[in-house]
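# Observations on the three-dimensional arrangement
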Amino acid sequence: MISWGIAAAVAAFVLSSVYYVVTTPLEQRALGDRAPGRGRPAPWKAVTELLRTAVVGAGFAWIATQSDLLALPSTLLLSLVLWVAFPVVLLTGSIIWERVPWQTAAIHAGDWLLKLMLVALAIGLIH
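In short, a report on the structure. (Residues numbered from 1 in each chain as written. Predicted model: local features only at pLDDT ≥ 70, side-chain atom pairs only at ≥ 80, totals over all residues. Heavy atoms only, no water.)

## Describing the overall build of the protein
A tally of regular secondary structure across the protein gives four helices and zero strands. Secondary structure of the protein in N-to-C order comes out as α-α-α-α. Taking 127 residues into account, the globule formula puts the C-alpha radius of gyration at 14 Å, and the protein, at 15 Å, falls close to it. Viewed in the frame of its principal axes, the protein has a C-alpha envelope of about 45 × 30 × 20 Å. Taken across its 127 residues, the protein has 35% of its residues classed as buried. For the protein, contacts bridging at least 24 residues in sequence account for 81% of all contacts bridging at least 6. Across the protein, the mean location of the 8 positive side-chain charges is 7 Å away from that of the 6 negative side-chain charges. (Helix = DSSP H or I, 4+ residues; strand = E, 2+ residues; numbered from the N terminus. Rg over C-alpha atoms; globule rule 2.2 N^0.38 Å. Buried < 20%, exposed > 50% of the residue type's maximum accessible area, 1.4 Å probe, protein only. Contact = heavy atoms within 4.5 Å. Lys, Arg positive; Asp, Glu negative; His and termini not counted. Charge placed at Lys NZ, Arg CZ, Asp CG, Glu CD.)

## Describing the packing of aromatic side chains
Evaluated as defined, the whole model comprises one aromatic pair. Note on Tyr-19 and Tyr-20: the rings are 5.5 Å apart at their centroids and 80° apart in plane angle, and the pair reads as edge-to-face. Taken as a pair, Tyr-19 and Tyr-20 share a single burial class, namely buried. One cation-aromatic arrangement involves Lys-115 over Trp-112; the distance from NZ or CZ to the ring centre is 4.1 Å. (Phe/Tyr/Trp six-rings, centres within 6.5 Å; stacked < 30°, edge-to-face > 60°. Lys NZ or Arg CZ within 6 Å of the ring centre and 35° of its normal.)

## Thoughts on the packing of helix α2 (residues 43–66) against helix α4 (residues 102–126)
Their axes nearest at 10 Å, the elements α2 and α4 cross at an angle of 50°. The pairing of α2 with α4 is recorded here as oblique in orientation. In this structure, α2 crosses over α4, and the sense of that crossing is right-handed. In this structure, α2 contributes Glu-49, Arg-52, Thr-53, Val-56, Gly-57, Phe-60 and Ala-61 to the contact, and α4 contributes Trp-112, Lys-115, Leu-116, Val-119, Ala-120 and Ile-123. Classifying every residue of the contact of α2 with α4 gives eight nonpolar, two polar and three charged. (Axes fitted to C-alpha atoms, helices over the stretch in contact; angles between N-to-C directions. Parallel < 35°, antiparallel > 145°, perpendicular 65-115°, else oblique. Left-handed = near helix turned anticlockwise from the far one by under 90°. Nonpolar A, V, L, I, M, F, W, Y, C, P; charged D, E, K, R; others polar.)

## Digging into a nonpolar patch on the surface
A surface patch of nonpolar side chains, amounting to about 370 Å² of accessible area, comprises Val-14, Val-18, Val-21 and Val-22. Its location among the elements puts Val-21 in helix α1 (residues 2–31). Look at Val-21 and you get exposed, because its relative accessible area is 62%. (Patch = residues over 30% accessible without salt bridge, like charges linked within 9 Å, V, L, I, M, F, W, Y side chains within 5 Å. Areas by Shrake-Rupley, 256 points an atom, 1.4 Å probe, with all protein chains shown as cover. Salt bridge = Lys/Arg side-chain N within 4 Å of Asp/Glu carboxyl O.)

Put into structure tokens, the structure is as follows:
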């Protein structure tokens, strides 16, 4: 099951890339000069992000397997719980403590929700 989580992570990486292509101009419009300059990532950054997403996919698959939450809609509920417990908590901390603009944090939160939901769908449908 963990290998399916990793395969889903590759798909999530592709979806995430499209997501940032769409949302970055909105962020730039909202923040102006304060928007981070993302541009085209260096190859090592793309590989690192793919690996990070694969770790999340494998971790999600492991948690779902250990918790016997492998069928839909259980995997979708698990993805929401994990999203709130980790990315949302971390990103709100970055807003409060590091003064990250809420728009930037919201874009990253949306990215992680998409990734987790895609992994959850893949695992739930495969099971």
